[in-house]
Amino acid sequence: MPCPVHVVTTEEFTLSAPLATQAGARELARGSLVRRGEGTCEGGVPVEVLSVAGWVAVPTPAAPGARGCLATEALAPVDTLVFVALANAPATAPASTSTSTSTSTSTSTSTATFTAGDILGVLRDEGRCDADRYTFSGGSVSAGVPVAALSAVRAVSPDVLAGVERVRAAYGDLFGGDLFGGDLSGGELFGNLGPIGLHEVPWTDWGYVGLPLPHPLDAAALAAEWAREGLDTPARREKATVAFGPVAFGPGASGPGTLGPASPPIYQHFLGADAPGSDTWGRPATIVRLLKLARGWWDHCVTLPGDPARCTLQIGDLAWYNAVRPDPLGHKDHADGACVDVRLFRTDPSRYEAWWNRPDDRTGAIAYDGARTLAFLAWAYANAPVTEAFFNDPDALAALPNLRPLRGHDDHVHLCLGDRPGDQP
Ligand SMILES: [Zn+2]
C-alpha cells in the first residue's frame, strides 16, 4: 500500500487548510508537504506533516512530524513539482547510503545530503508507508533523502521557480559584485555583497516572490536598532527596521556584508502594523524592477553630498501573499503585486519615518529632506518604469507632473513599477 507524498493546496487565496490533530486543531499553510497514511479519518485522510511552508504566517501552525486528519481536497499531487532545500539537511538525519553530489559551496558533512538552496529535483518514487528516505532526480542530490530531512525542503511548480530564479539572478547581478562609491567617515565606502541562494528568495504558491532580505534582525539586533533610533514606545517600535537587504560596508565594519557602525543598508524593510512576513510580496518582475531601482538609486545617491546612510531606500509594504481583494494590508492597489511604499528621505542617517508636513515625533524637529526625496522621485521617473506615484509634498507635485496627491501619502511615497517595452512580465 503506497503512502504518497502530497502538497497541501487550498481554495483560491486561502492561506491554509485545517489539520485535526490529537493535540488540537492546527493549520497547514498551503505549499506544506505531507505523506498520506492508509485508510480514512473523520472528514478526510490521515497524514503525516513532512514540511511546513513557513513563509506564510498562519495561526496555530502545524509542525513537521505532526499527524492528523486533513480533508482530501487539500491534497494535491507533487509529480510536476521541483523540490528545493531551504536549509541544510538536519545534522541529526541518518547518514545517506551514498555521498551527495551537491555543488553548493556550503560545507557538507557525511550526514548532510543537501545544503540550503540546492535543487533536489523531482520526486522519483511515490513512497511506501515504511519508506525512511526518498530519492529525487534532475537536481543536485542523487542520494536518498531521509524523511526527517524533508522538513528543510519545499516543493515548487516550475513556473513559480522560474520567477524565483529570475529574482535570485537579478540580485546576484546587482549586488553580487563589488560595490564602490561615496565617502563615509573619511574612508571609502565599499562592499562585496555576494550572491544569494534560492532559499533566500521566498515565494508563495500563488507565484509572488518576496523581496530578498538577507539580513533579518534577530531579537538582539532589533533591540540594538530600537536603541539606535530611540524607539521607546510600542507605537514607535512598530516603525522600526526589521530586516536589511544588501549592506554596504565602510571603515567601521569587519567585512563584506557585515553590519558595522558605518554599514548602511542599500535597502531595508520596516514592518509597521502588518504581520511579520506578510507584506514583502510582489510579482517577480516587480521585485526585479525594485532591486534595479534600489541599486541604481544607491549608485546615484552616494555621489551626492552627505552621509551615504541617508541614501538607504526604506521599503515598507509591497503586496500580501497573493492577489486577494480586499488586500489584508489595507491598500486599494497593492494586490496586483506591482506597487511599493517607500519612506521619505531624511536630513539625518536615522532609519525612521519622516513626514513632509510635520516634525519627527521623537525630537519635534524637522527631519524631512525635501530636496533628497525629490531627487529620488526624479531619478525613479527617469530610470525606472514608474507607472503611478502618489505623494503630497506640493514642491514635489509642482516639479513632477506625473506625480499625484492622495490622502494618506504624507509620510511615504507610493510607487508602482509597471511594464515598458522590453520588460519581462
Ligand atoms: Zn502604497
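Residues numbered from 1 in each chain as written. Predicted model: local features only at pLDDT ≥ 70, side-chain atom pairs only at ≥ 80, totals over all residues.

Considering the overall build of the chain
Across its full length, the chain carries six helices and 24 strands. Of all 425 residues assigned to the chain, the portion counted as buried reaches 44%. Considering only intrachain contacts with a sequence separation of at least 6, the fraction spanning at least 24 residues in the chain is 64%. (Helix = DSSP H or I, 4+ residues; strand = E, 2+ residues; numbered from the N terminus. Buried ≥ 20, exposed ≤ 12 C-beta atoms within 10 Å, placed from the backbone. Contact = placed C-beta atoms within 7 Å.)

Regarding the environment of Val164
Its place among the elements puts Val164 in helix H1 (residues 158-175). Classification of Val164 as buried rests on a count of 21 C-beta atoms within 10 Å. Residues Val164 and His199 lie 35 residues apart in sequence; the distance between their C-alpha atoms is 9.6 Å. Those residues in contact with Val164, other than ones at most four positions away along the chain, are Leu198, Val201, Trp203 and Val209.

Concerning helix H5 (residues 370-383)
Taking 1.5 Å as the rise per residue, H5 with 14 residues should run 20 Å; its terminal C-alpha atoms sit 20 Å apart, in good agreement. For H5, the full list of buried residues reads Thr373, Phe376, Leu377 and Ala380. Each buried residue of H5 lies within a common arc of 95° when the element is viewed along its axis, so the set occupies one face. Exposed and facing more than 90 degrees away from the buried side of H5 are Ala371 and Ala382. Residues of H5 that are buried make contact with helix H4 (284-301), strand E23 (386-390), helix H6 (394-399) and strand E24 (412-417). (Expected span 1.5 Å × (residues − 1). Arc of directions from axis to C-beta.)

What about the sheet that holds strand E6 (residues 67-70)?
Pairing is antiparallel in the open sheet, where seven strands are placed in the order E3-E2-E6-E5-E4-E1-E7. Looking at which strands have only one partner, the edges of the open sheet turn out to be strand E3 (24-29) and strand E7 (75-77). The sheet shows a mean angle of 50° between the axes of neighbouring strands, taken without regard to direction. As defined by bridge partners, strand E1 (residues 5-8) adjoins strand E4 (residues 33-36) across three bridges and the pair is classed as antiparallel. Bridge pairing in E4 links Val5 to Arg35. (Pairing = 2+ DSSP bridges. Axes fitted to C-alpha atoms, helices over the stretch in contact; angles between N-to-C directions.)

Comments concerning the sheet that holds strand E8 (residues 82-85)
Spatial ordering of the open sheet is given by E11-E9-E8-E13, a layout of four strands whose pairing is antiparallel. Strands at the two margins of the open sheet, each flanked by one partner only, are strand E11 (136-138) and strand E13 (153-156). On average, each strand axis in the sheet is inclined to that of its neighbour by 45°, with strand direction left out of account. Here two bridges tie E8 to strand E9 (residues 119-123), and the two strands are oriented antiparallel to one another. Paired with Phe83 across the two strands is Gly121, which belongs to E9.

Side note on the environment of Ser278
Here Ser278 lies in the loop between strand E19 (267-270) and strand E20 (281-282). Here Ser278 falls in the partly exposed class, since 18 other C-beta atoms lie within 10 Å of it. The residues touching Ser278, leaving out its near neighbours within four places in the chain, are Ala57, Trp320 and Tyr321.

Details of the packing of H4 against H5
Axis separation between H4 and H5 bottoms out at 11 Å; the angle between their running directions is 125°. Comparing the axis directions of H4 and H5 gives the class oblique. Between H4 and H5 lies a crossing whose hand is right-handed. Note on element contacts: H5 touches H4 through Phe376, Trp379, Ala380 and Asn383, opposite Leu293, Gly296, Trp297 and His300. Residues that form the contact of H4 with H5 fall into these classes: five nonpolar, three polar and no charged. (Parallel < 35°, antiparallel > 145°, perpendicular 65-115°, else oblique. Left-handed = near helix turned anticlockwise from the far one by under 90°. Nonpolar A, V, L, I, M, F, W, Y, C, P; charged D, E, K, R; others polar.)

Brief notes about the environment of Gly68
Its place among the elements puts Gly68 in strand E6. Looking at Gly68, the number of C-beta atoms within 10 Å reads 22, which means it is buried. Remark: the alpha-carbon pair of Gly68 and Val47, spanning 21 residues in sequence, is separated by 5.6 Å. Discounting chain neighbours no more than four positions away, the residues touching Gly68 are Leu19, Ala20, Thr21, Arg26 and Val47.

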